[in-house]
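# Summary of the model geometry
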Amino acid sequence: MFTYTYVDFKPGKMQILLELNFRQRNSTRVIILILGLLAFVLFKNSTKGCLFLGATLALMLRNPKYVYAFGKTIARDLKAGYRFIRLNIFIMFMERKQRTLARIFQERVKKHPKKPCFIMGDRCLSFQWVENYTNKVGAYFKARGLQRGDCVALIMETRPEFVCLWLGLSKIGVVTALINSHLRRDTLQHSIKVAKANAIIVGTELSDALAEVYDDEEVRDLPIFQFSDEEQRENDQFRLLKGAIDLSNALRLQPIEDLTANIAECKPRDKLLYVYTSGTTGLPKAAVINNLRYLFMSSGVYYMLALRTDDVIYNSLPLYHTAGGIIGVGNALIHGCTIVMRKKFSASNFWKDCIKYECTAAQYIGELCRYLLSTTPRPEDTQHQLRLMYGNGLRPQIWSQFVSRFNIPQIGEVYGSTEGNSNLANITSQVGAIGFIPLFGRYFYPLQIIKYDEDTGEPIRNANGFCQRCAPGETGLMVGKVNSKRATTAFNGYADREASEKKLLHNVFSAGDVYFNSGDMLVSDILGYFYFKDRTGDTFRWRGENVATLEVEANITNVVGLQDCVAYGVDIPYVEGKAGMAAIVDPDRRVDMQHLSAGVRGSLPAFARPLFIRLVSDIPRTGTFKLKKRELVRDSFDIHRVKDPIYYLNKDGIYRLLTEQQYEDLLNGKAGL
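Residues numbered from 1 in each chain as written. Predicted model: local features only at pLDDT ≥ 70, side-chain atom pairs only at ≥ 80, totals over all residues. Heavy atoms only, no water.

## A short note on the packing of aromatic side chains
On inspection of all chains with the given rule, the structure shows 22 aromatic pairs. Seen in terms of ring centroids, Phe-612 and Phe-637 are 4.5 Å apart; in terms of plane orientation they differ by 5 degrees. Their pairing is stacked. Of this pair, Phe-612 sits in strand β28 (residues 612–616) while Phe-637 sits in the loop between α21 (630–635) and β29 (646–649), and the two are 25 residues apart along the sequence. Here the two residues Phe-612 and Phe-637 agree in accessibility, since each one is buried. Clustering of aromatic rings is evident, with ring pairs tying together Tyr-314, Phe-345, Phe-350, Trp-351, Tyr-371, Phe-402 and Phe-406. A cation over an aromatic ring shows up here: Arg-76 above the ring of Phe-436, its NZ or CZ 4.0 Å from the ring centre. For Arg-76, the ring lying beneath its charged end belongs to Tyr-529, and the centroid distance is 4.7 Å. (Phe/Tyr/Trp six-rings, centres within 6.5 Å; stacked < 30°, edge-to-face > 60°. Helix = DSSP H or I, 4+ residues; strand = E, 2+ residues; numbered from the N terminus. Buried < 20%, exposed > 50% of the residue type's maximum accessible area, 1.4 Å probe, protein only. Lys NZ or Arg CZ within 6 Å of the ring centre and 35° of its normal.)

## So, unusual backbone geometry
The phi dihedral of Gln-98 falls on the positive side, at around 60 degrees, and the residue is not glycine. Turning to its location among the elements, Gln-98 is positioned in the loop between α3 (65–96) and α4 (101–111). Positioned with a positive phi, Arg-185 is a non-glycine residue whose angle comes to about 50 degrees. Looking at the element boundaries, Arg-185 is found in helix α7 (residues 185–194).

## Some points on the packing of helix α5 (residues 127–143) against helix α6 (residues 160–170)
Across the interface, α5 lies against α6 with an axial gap of 7 Å and an inter-helix angle of 55 degrees. Relative to α6, α5 is oriented oblique. As for how α5 packs across α6, the hand of that crossing is right-handed. Touching Trp-129, Val-130, Tyr-133, Thr-134, Val-137, Gly-138 and Phe-141 of α5 are Glu-161, Cys-164, Leu-165, Leu-167, Gly-168 and Leu-169, all from α6. (Axes fitted to C-alpha atoms, helices over the stretch in contact; angles between N-to-C directions. Parallel < 35°, antiparallel > 145°, perpendicular 65-115°, else oblique. Left-handed = near helix turned anticlockwise from the far one by under 90°. Contact = heavy atoms within 4.5 Å.)

## A few points about the sheet that holds strand β8 (residues 224–227)
Within the open sheet, the seven strands sit side by side as β9-β8-β7-β5-β6-β10-β11. Their pairing is mixed. Whereas interior strands pair on both sides, the edge strands pair on one side only; in this sheet they are β9 (245–246) and β11 (285–290). Across two bridges, the pairing between β8 and β9 is parallel. Bridge pairing links Gln-226 to Asp-246 in β9. (Pairing = 2+ DSSP bridges.)

## Side note on empty space enclosed by the protein
Considering all chains together, one arrives at four cavities of 30 Å³ or more under this definition. In this structure, the largest cavity occupies an estimated 60 Å³ of space. Grouping the amino acids of the lining of the largest cavity by side-chain chemistry returns two nonpolar, three polar and five charged. Of the volumes computed, that of the second largest cavity is approximately 40 Å³. Lining the second largest cavity, in full, are Arg-269, Asn-290, Leu-292, Arg-293, Ala-487, Ala-490 and Asn-492. (1 Å grid on protein atoms, 1.4 Å probe; cavity = no way out; pocket = protein on both sides within 12 Å on 5 of 7 lines; lining within 4 Å. Points joined across faces, edges and corners; volume = space filled by probe spheres on them. Nonpolar A, V, L, I, M, F, W, Y, C, P; charged D, E, K, R; others polar.)

## A word on the nonpolar core
Formed by 87 residues in total, the largest nonpolar core has its most connected members in Phe-118, Phe-141, Trp-166, Ile-201, Leu-247, Tyr-294 and Leu-333. Broken down by element, this core gets its largest block of residues, nine residues, from helix α12 (residues 291–304). Apart from the residues within four sequence positions on either side, Trp-166 is in contact with Leu-101, Leu-154, Thr-176, Leu-178, Leu-272, Leu-273, Tyr-294, Gly-325 and Leu-333. The next biggest cluster of nonpolar side chains, apart from the first, holds 46 residues, and it includes Phe-540, Leu-596, Leu-632 and Leu-649. (Core = buried A, V, L, I, M, F, W, Y, C linked by side-chain atoms within 4.5 Å.)

## Some remarks on the side chain of Gln-232
With respect to the helices and strands, Gln-232 occurs in helix α9 (residues 230–234). Setting aside residues no more than four positions away along its own chain, Gln-232 makes contact with Arg-159, Thr-204, Glu-205, Phe-227 and Phe-238.

As structure tokens, this is what we get:
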């Protein structure tokens, strides 16, 4: 058994190995002595050899921790090293051959044209079907005047055509901005404008959302192409937006054209997509995903987790996110896997779908796993053929229970961000770990954990002005070294250059070096495993989405007309992520909760609406006049500790005073969250 030092991760405890127990320490020393005796036999005739051996044994016996760690991880590190080398060779080869995603997909189609590429419901679309459809898309928009470097905003719910549309546009060098289908009004309008879109493709199911922002002068001049499926077109209520072009009908009439010449003009470092991520600006930022970045993100999962070309991968995640839209469908486009899609995740149908479509792998996010565990046990829980589930955010508190109940042979927990270059993978199913760095590469690998100031979130620098690495067991800020020449460490940033620069740290370990600031707090153990602790800055994660606190604050301030409001995330036992909470300065208690409830519903997507509202008399500030959140976060929604009134967002969408019964239900996991 390991001896663990406990590091608190609320709610519950995270266990990481920091020191050896008596048995481990002494058994390691015995092994060192045995190996030393064998080495002595070989070097006994060499005086220098014996002296060197003696000095080495003395060092190893004095501190056997590193010898123990080396012995425990050597097989893991060799396996990871082999896979990582294969990944890098593949990426280098694709870049040298000037392969874009569209070109790689063409080659996949030639190998197995009749193989299923995308499956959704009763639809089974072959690689050749996708190739033909995407050629139609590219040819149609080329005829409409779109050129290499232009941008199209895509607003659509999950369906195979979502991928086909942006892949077809990429064949003529057009960038697609993948808009979150939950965005409304100001946030939706901002997302379209920040991408500098030249046109908009909208699914009929989201046409009303687009209509709400179409009066904006920067949006209303853009051509709109409305896509509708057969079911929508047969509906009596079906209608086109004013001035919109019927894209479905246009593509039906469009002849298939060979776009090989257009594809050849595109380069691996050309922009492919904009994928939106929340950040410190308070509104979604358009992260740049070029062909090479897409290739690395998808192939990183494929090689490091040993996926296979014949895998059938179940993907019930949104296609506008990195998880579903890149490391999900990317394994079909690049490596020939089959992807099974579902419009929306369903806990009751998850295992039924995996069985029906004979899936061999499935994707998850942490919230998804908790929802599956909350269902009533059924026979189909273990009747699937999955050998791997991969994703991010599986909490250590439910990890073992999840694996045991659903009989999952391997969990592949991955770590990374849409725009960042800090990537890790847990290929050994180590409970709770988001990945690891081989021990021999701890100081050379481009990812490091550095010390930071808990109050400001800024790195702590030494007397020479450089940052300091954290020791195992010490929580710090994850940073990744930027090298634009390599796909594995490049930082492509955002559409907004100023926002890109804010994510970079300069002169970290030496003069002139540049590192990407992940904004995540991690901790490592002596075996090189990394564990996620928290997020710094102005975002937190809830319901699988990044919530920007500044956006929440701005909307609440607009609704209630007060000067100061601060938003933050708080932990709720048994629930993934952090629930939103907002503290409003209201010493006279004049806030109309009915009005606030209506305003929040109208201005924020469901995942960004604060679950709790606290009315305070004042909020302390820092010396630079920033509102302090630490004490508010520490107080959380504890009605026994906090004397201020705390309101709770009820299921009917109205904020009411948090009752004792609701508080107890929240603490005991009975609140239905």
